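Structural overview for review
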Amino acid sequence: MMTDWNSILSNRKNVSLARKFATGDITGREFYSHFAGTDTGGEVRSLLRAGGVSRARTLTRKALNRRNVT
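Now for a quick tour of the structure.

Rules used throughout
Residues numbered from 1 in each chain as written. Predicted model: local features only at pLDDT ≥ 70, side-chain atom pairs only at ≥ 80, totals over all residues. Heavy atoms only, no water. Helix = DSSP H or I, 4+ residues; strand = E, 2+ residues; numbered from the N terminus. Buried < 20%, exposed > 50% of the residue type's maximum accessible area, 1.4 Å probe, protein only. Contact = heavy atoms within 4.5 Å. Phe/Tyr/Trp six-rings, centres within 6.5 Å; stacked < 30°, edge-to-face > 60°. Expected span 1.5 Å × (residues − 1). Bend = angle between axes of the 7 residues up to and from the residue. Core = buried A, V, L, I, M, F, W, Y, C linked by side-chain atoms within 4.5 Å.

Regarding the environment of Ile 8
Residue position: Ile 8 is located in helix α1 (residues 5-8). Look at Ile 8 and you get buried, because its relative accessible area is 0%. Taking the C-alpha atoms as reference, Ile 8 lies 17 Å from Gly 24; in sequence the two are 16 residues apart. Residues within four places of Ile 8 in sequence aside, it is in contact with Thr 3, Asn 14, Phe 35, Thr 40, Glu 43 and Val 44.

Some points on the packing of aromatic side chains
Enumeration according to the criterion identifies 2 aromatic pairs in this entry. Ring centres of Phe 21 and Phe 31 lie 4.4 Å apart, and the angle between their planes is 5°; on these two criteria the pair is classed as stacked. Of this pair, Phe 21 sits in helix α2 (residues 12-22) while Phe 31 sits in helix α3 (residues 28-35); the two residues are 10 residues apart in sequence, bridging distant segments of the chain. Of the two residues, Phe 21 and Phe 31, neither departs from the other in class, the shared state being buried. Ring centres of Phe 31 and Phe 35 lie 5.2 Å apart, and the angle between their planes is 75°; on these two criteria the pair is classed as edge-to-face. One end of the pair, Phe 31, and the other, Phe 35, are both in helix α3, 4 residues apart, so they sit about a helical turn from each other. The buried category is assigned to Phe 31, whose relative accessible area is 0%. The class of Phe 35 is buried, set by a relative accessible area of 3%.

Focus on helix α4 (residues 41-66)
With 26 residues, α4 should cover 38 Å at 1.5 Å per step; its first-to-last C-alpha distance of 22 Å lies more than 12% under that length. Considering bend angle alone, the principal kink of α4 is centred on Gly 52 and spans about 115°. For α4, every residue scored as buried is listed here: Gly 41, Glu 43, Val 44, Leu 47, Leu 48, Ala 56, Arg 57, Thr 60, Ala 63 and Leu 64. Where α4 is buried, its residues contact α1, α2 and α3. Once α4 ends, the next one or two residues include Asn 68, with phi positive near 50°.

Some thoughts on the nonpolar core
The biggest cluster of nonpolar side chains holds 17 residues, and the ones touching the most others in it are Trp 5, Ile 8, Leu 9, Phe 21, Phe 31, Val 44 and Leu 64. Secondary-structure elements contributing two or more residues to this core are α1, α2, α3 and α4. Here this core gets 6 residues from one element, more than from any other, and that element is α4. If sequence neighbours within four positions are ignored, Leu 9 has contacts with Asn 14, Val 15, Ala 18, Ala 63, Leu 64 and Arg 67.

Taken by themselves, the reported measurements are silent on function.
Given below as structure tokens:
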């Protein structure tokens, strides 16, 4: 399954959260809890469950770099 990064990184607050998660400032559980109950919650949950937190951090860093938002 492909992750819909456009929905996860849809606004500045989400980008800021993703940056904190990618750099290890917040845990996977904290990252998901910010998105729980939103339309994007499922995307974040599947991202974390598919490869674990370390793989999710790597993919988040790549997504941020590719969008030049780091």
